[in-house]
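Structural overview for review
Here is what each chain is made of, one letter per residue.
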Amino acid sequence: MNFIWDFDGTLYDTYPIMMQSLMKTFKDFKIEKDEKMVYRKIKEESIRQMIIDWQLPVPDFDREYHDYEAKQNKDSFPFAETRKMLEELQAMGGRHFILTHRTVESTWNLLKRDGLEDLIVDIIGSDSNFPRKPDPTALNYLIETYQMDRNQTVMIGDRELDIEAGNNAHVATCFFDLDHFDQAINATYFINNLKEMVQIFSSESYN
(Lines give C-alpha, C1' and ligand atoms only; values in the text may rest on other atoms or scores of the structure.)
Protein backbone atom coordinates (compact mmCIF):
# COMPACT_ATOMS: atom_id res chain seq x y z
CA MET A 1 0.00 0.00 0.00
CA ASN A 2 1.21 3.51 -0.82
CA PHE A 3 0.40 6.34 1.59
CA ILE A 4 0.69 9.92 0.31
CA TRP A 5 0.45 12.30 3.24
CA ASP A 6 -0.28 15.96 3.63
CA PHE A 7 2.11 17.35 6.24
CA ASP A 8 0.71 20.36 8.11
CA GLY A 9 -2.16 19.35 10.35
CA THR A 10 -1.91 15.72 9.25
CA LEU A 11 1.47 14.31 10.28
CA TYR A 12 2.58 17.39 12.24
CA ASP A 13 0.59 19.58 14.60
CA THR A 14 1.72 22.81 12.96
CA TYR A 15 -1.49 24.84 13.05
CA PRO A 16 -0.81 26.49 16.44
CA ILE A 17 2.41 28.00 15.03
CA MET A 18 0.73 28.87 11.74
CA MET A 19 -2.05 30.68 13.57
CA GLN A 20 0.37 32.59 15.82
CA SER A 21 2.27 33.70 12.71
CA LEU A 22 -0.88 34.70 10.86
CA MET A 23 -2.29 36.71 13.74
CA LYS A 24 1.05 38.54 14.19
CA THR A 25 0.98 39.37 10.49
CA PHE A 26 -2.58 40.69 10.68
CA LYS A 27 -1.54 42.86 13.62
CA ASP A 28 1.49 44.22 11.75
CA PHE A 29 -0.73 45.17 8.82
CA LYS A 30 -3.28 46.69 11.22
CA ILE A 31 -5.99 44.31 9.98
CA GLU A 32 -8.48 43.08 12.58
CA LYS A 33 -9.64 39.50 12.11
CA ASP A 34 -11.30 37.03 14.45
CA GLU A 35 -8.90 34.17 15.19
CA LYS A 36 -11.58 31.47 14.97
CA MET A 37 -12.73 32.82 11.61
CA VAL A 38 -9.14 32.82 10.32
CA TYR A 39 -8.57 29.25 11.48
CA ARG A 40 -11.74 27.99 9.87
CA LYS A 41 -10.91 29.76 6.61
CA ILE A 42 -7.45 28.23 6.29
CA LYS A 43 -8.63 24.76 7.34
CA GLU A 44 -11.62 24.67 5.01
CA GLU A 45 -9.66 26.26 2.16
CA SER A 46 -6.07 27.53 2.38
CA ILE A 47 -3.93 30.50 3.38
CA ARG A 48 -3.48 31.35 -0.30
CA GLN A 49 -7.25 31.37 -0.85
CA MET A 50 -7.72 33.52 2.26
CA ILE A 51 -5.27 36.09 0.90
CA ILE A 52 -7.16 36.18 -2.40
CA ASP A 53 -10.68 36.26 -0.95
CA TRP A 54 -9.90 38.85 1.72
CA GLN A 55 -7.82 40.95 -0.70
CA LEU A 56 -4.83 41.03 1.62
CA PRO A 57 -1.66 42.90 0.54
CA VAL A 58 0.17 40.81 -2.07
CA PRO A 59 2.94 39.69 -1.87
CA ASP A 60 3.90 41.42 1.37
CA PHE A 61 1.37 39.69 3.63
CA ASP A 62 2.36 36.20 2.49
CA ARG A 63 6.08 36.97 2.73
CA GLU A 64 5.83 38.33 6.27
CA TYR A 65 3.68 35.40 7.40
CA HIS A 66 6.20 32.90 6.06
CA ASP A 67 9.06 34.76 7.74
CA TYR A 68 7.30 34.48 11.11
CA GLU A 69 6.36 30.85 10.51
CA ALA A 70 9.91 29.86 9.49
CA LYS A 71 11.36 31.39 12.68
CA GLN A 72 8.99 29.31 14.81
CA ASN A 73 9.34 26.06 12.87
CA LYS A 74 11.34 24.57 15.71
CA ASP A 75 8.22 24.66 17.88
CA SER A 76 6.22 22.41 15.50
CA PHE A 77 6.13 18.71 16.31
CA PRO A 78 4.47 15.54 15.00
CA PHE A 79 1.21 14.37 16.49
CA ALA A 80 1.71 11.89 19.35
CA GLU A 81 0.53 8.99 17.16
CA THR A 82 2.55 9.86 14.04
CA ARG A 83 5.71 7.80 14.59
CA LYS A 84 4.06 4.57 15.71
CA MET A 85 1.44 4.78 12.99
CA LEU A 86 4.03 5.32 10.24
CA GLU A 87 6.18 2.49 11.60
CA GLU A 88 3.28 0.05 11.81
CA LEU A 89 2.06 0.80 8.31
CA GLN A 90 5.63 0.46 7.00
CA ALA A 91 5.98 -2.89 8.77
CA MET A 92 2.88 -4.02 6.86
CA GLY A 93 4.67 -3.21 3.60
CA GLY A 94 3.44 0.37 3.23
CA ARG A 95 5.46 3.12 1.59
CA HIS A 96 5.13 6.73 2.78
CA PHE A 97 5.32 9.89 0.68
CA ILE A 98 4.56 13.54 1.50
CA LEU A 99 2.81 16.13 -0.66
CA THR A 100 2.96 19.50 1.07
CA HIS A 101 2.60 23.23 0.45
CA ARG A 102 5.75 23.91 2.51
CA THR A 103 9.24 23.59 0.99
CA VAL A 104 10.92 20.22 0.59
CA GLU A 105 13.96 21.25 2.67
CA SER A 106 11.94 22.59 5.60
CA THR A 107 9.89 19.38 5.64
CA TRP A 108 12.96 17.12 5.60
CA ASN A 109 14.57 19.25 8.33
CA LEU A 110 11.64 18.68 10.69
CA LEU A 111 11.53 14.96 9.89
CA LYS A 112 15.29 14.61 10.48
CA ARG A 113 15.11 16.51 13.76
CA ASP A 114 12.45 14.09 14.98
CA GLY A 115 14.09 10.94 13.57
CA LEU A 116 11.29 10.25 11.10
CA GLU A 117 13.17 10.72 7.82
CA ASP A 118 13.82 7.00 7.28
CA LEU A 119 10.07 6.38 7.22
CA ILE A 120 9.52 8.67 4.21
CA VAL A 121 10.47 7.72 0.64
CA ASP A 122 10.05 11.09 -1.05
CA ILE A 123 8.60 14.59 -0.61
CA ILE A 124 7.02 16.98 -3.08
CA GLY A 125 6.80 20.55 -1.80
CA SER A 126 5.93 24.08 -2.85
CA ASP A 127 9.34 24.43 -4.55
CA SER A 128 8.99 21.26 -6.64
CA ASN A 129 7.41 23.17 -9.54
CA PHE A 130 4.10 21.36 -9.60
CA PRO A 131 0.63 22.95 -9.51
CA ARG A 132 -0.74 23.13 -5.98
CA LYS A 133 -3.38 20.80 -4.61
CA PRO A 134 -6.14 20.01 -5.57
CA ASP A 135 -4.44 19.72 -8.98
CA PRO A 136 -3.43 16.03 -9.28
CA THR A 137 -0.22 16.60 -11.29
CA ALA A 138 2.15 16.10 -8.33
CA LEU A 139 0.26 13.01 -7.20
CA ASN A 140 0.37 11.58 -10.70
CA TYR A 141 4.11 12.22 -10.82
CA LEU A 142 4.65 10.23 -7.61
CA ILE A 143 2.38 7.44 -8.81
CA GLU A 144 4.20 7.13 -12.14
CA THR A 145 7.73 7.59 -10.74
CA TYR A 146 7.29 4.94 -8.04
CA GLN A 147 5.06 2.69 -10.17
CA MET A 148 2.19 2.77 -7.70
CA ASP A 149 -0.99 0.81 -8.26
CA ARG A 150 -3.74 3.41 -7.96
CA ASN A 151 -5.94 0.75 -6.34
CA GLN A 152 -3.29 0.38 -3.63
CA THR A 153 -2.69 4.09 -3.03
CA VAL A 154 -4.35 6.55 -0.65
CA MET A 155 -4.04 10.32 -0.18
CA ILE A 156 -4.46 11.46 3.44
CA GLY A 157 -5.07 15.03 4.56
CA ASP A 158 -6.93 17.35 6.90
CA ARG A 159 -8.37 19.69 4.27
CA GLU A 160 -10.82 19.32 1.41
CA LEU A 161 -8.15 20.25 -1.13
CA ASP A 162 -6.12 17.18 -0.08
CA ILE A 163 -9.11 14.95 -0.68
CA GLU A 164 -9.93 16.64 -4.00
CA ALA A 165 -6.34 16.08 -5.14
CA GLY A 166 -6.64 12.37 -4.37
CA ASN A 167 -10.00 12.12 -6.07
CA ASN A 168 -8.60 13.91 -9.12
CA ALA A 169 -5.75 11.39 -9.24
CA HIS A 170 -8.22 8.50 -8.95
CA VAL A 171 -6.80 7.06 -5.74
CA ALA A 172 -8.45 6.33 -2.39
CA THR A 173 -8.69 9.23 0.04
CA CYS A 174 -8.74 9.61 3.81
CA PHE A 175 -9.94 12.76 5.58
CA PHE A 176 -8.30 13.43 8.96
CA ASP A 177 -11.12 15.28 10.70
CA LEU A 178 -9.96 17.03 13.86
CA ASP A 179 -12.32 20.00 13.72
CA HIS A 180 -15.74 18.54 12.88
CA PHE A 181 -16.74 21.54 10.78
CA ASP A 182 -19.57 19.57 9.17
CA GLN A 183 -18.08 19.85 5.69
CA ALA A 184 -19.37 17.78 2.80
CA ILE A 185 -16.12 15.91 2.15
CA ASN A 186 -16.12 13.24 -0.56
CA ALA A 187 -13.52 10.90 0.97
CA THR A 188 -13.17 7.13 0.95
CA TYR A 189 -12.31 6.99 4.64
CA PHE A 190 -12.65 9.32 7.64
CA ILE A 191 -10.48 9.26 10.75
CA ASN A 192 -10.31 11.31 13.96
CA ASN A 193 -6.99 9.88 15.16
CA LEU A 194 -3.97 8.73 13.14
CA LYS A 195 -3.88 5.32 14.82
CA GLU A 196 -7.14 4.53 13.05
CA MET A 197 -5.08 4.27 9.84
CA VAL A 198 -3.55 1.02 11.07
CA GLN A 199 -6.98 -0.41 11.84
CA ILE A 200 -8.28 0.47 8.38
CA PHE A 201 -5.32 -0.76 6.35
CA SER A 202 -4.43 -3.88 8.30
CA SER A 203 -7.18 -5.80 6.50
CA GLU A 204 -5.96 -8.56 4.19
CA SER A 205 -7.24 -6.80 1.08
CA TYR A 206 -4.51 -4.18 1.45
CA ASN A 207 -1.60 -6.48 2.18
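The sections below set out a description of the structure shown in this document. Keep in mind that this is a model prediction, so the values were computed, not measured.

Rules and cut-offs
Residues numbered from 1 in each chain as written. Predicted model: local features only at pLDDT ≥ 70, side-chain atom pairs only at ≥ 80, totals over all residues. Heavy atoms only, no water. Helix = DSSP H or I, 4+ residues; strand = E, 2+ residues; numbered from the N terminus. Buried < 20%, exposed > 50% of the residue type's maximum accessible area, 1.4 Å probe, protein only. Contact = heavy atoms within 4.5 Å. Areas by Shrake-Rupley, 256 points an atom, 1.4 Å probe, with all protein chains shown as cover. Salt bridge = Lys/Arg side-chain N within 4 Å of Asp/Glu carboxyl O. 1 Å grid on protein atoms, 1.4 Å probe; cavity = no way out; pocket = protein on both sides within 12 Å on 5 of 7 lines; lining within 4 Å. Points joined across faces, edges and corners; volume = space filled by probe spheres on them. Nonpolar A, V, L, I, M, F, W, Y, C, P; charged D, E, K, R; others polar. Axes fitted to C-alpha atoms, helices over the stretch in contact; angles between N-to-C directions. Parallel < 35°, antiparallel > 145°, perpendicular 65-115°, else oblique. Left-handed = near helix turned anticlockwise from the far one by under 90°. Pairing = 2+ DSSP bridges. Right-handed = clockwise from strand over helix to strand, strands pointing away.

In this section: the overall build of the chain. When helices and strands are tallied, the chain shows nine helices and six strands. Looking at the chain as a whole, 48% of its 207 residues are labelled buried. Long-range pairs, those at least 24 residues apart, make up 64% of the contacts in the chain between residues at least 6 apart in sequence. A total accessible area of about 10300 Å² is found for the chain, and carbon and sulfur atoms account for 46% of it.

A separate point is the pattern of salt bridges. Applying the stated criterion across every chain yields a total of twelve salt bridges. When the shortest N-O distance is used, the salt bridge between Asp179 and Lys43 registers 2.5 Å. You can see Asp179 sitting in the loop between β5 (172–176) and β6 (189–191) and its partner Lys43 sitting in helix α2 (residues 35–44), a full 136 residues away along the chain. Under the relative-accessibility criterion, Asp179 is labelled partly exposed at 22%.

This part is about the layout of surface pockets. Estimated volume of the largest pocket: approximately 530 Å³. Mapped by element, the contributors of at least two residues to the lining of the largest pocket are α3 (47–53) and α4 (60–71). Among the elements that make up the lining of the largest pocket, the one with the highest residue count is α4 (five residues). Of the residues that constitute the lining of the largest pocket, the class distribution is five nonpolar, seven polar and eight charged.

With that settled, the discussion passes to the packing of helix α1 (residues 15–28) against α2. Contact geometry of α1 with α2 gives a least axis separation of 11 Å together with a crossing angle of 120°. It follows from the interaxial angle that α1 and α2 lie oblique. Note on packing geometry: the crossing formed by α1 with α2 is right-handed. Where α1 abuts α2, its residues Tyr15, Met19, Leu22, Met23 and Phe26 lie against Glu35, Val38, Tyr39, Ile42 and Lys43. Its residues assigned to classes, the contact of α1 with α2 comprises eight nonpolar, no polar and two charged.

Another aspect to go through is the pairing of β5. Counted residue by residue, β5 has five buried out of five residues, so it is predominantly covered. Of the two faces of β5, the one holding Ala172, Cys174 and Phe176 and the one holding Thr173 and Phe175 are both buried throughout. Where strand β4 (residues 153–157) meets β5, four bridges bridge the pair, whose relative direction is parallel. Along β5, the bridge assignment pairs Gly157 with Phe175. For the crossover that starts at β4, traverses helix α8 (residues 160–168) and ends in the parallel β5, the hand is right-handed.

This part covers the sheet that holds β6. Here we have six strands laid out as an open sheet, ordered β3-β2-β1-β4-β5-β6, and parallel in their pairing. Every other strand in the sheet has two partners, leaving β3 (122–124) and β6 as the edge strands with one partner each. The mean angle between the axes of side-by-side strands here comes to 20°, regardless of whether they run parallel or antiparallel. Bridge count for strand β2 (residues 95–99) against β3 is three bridges, and the pairing is parallel. For Leu99, the partnering residue across the bridge sits in β3 and is Ile124.

Keep in mind these numbers describe shape, not what the thing actually does.
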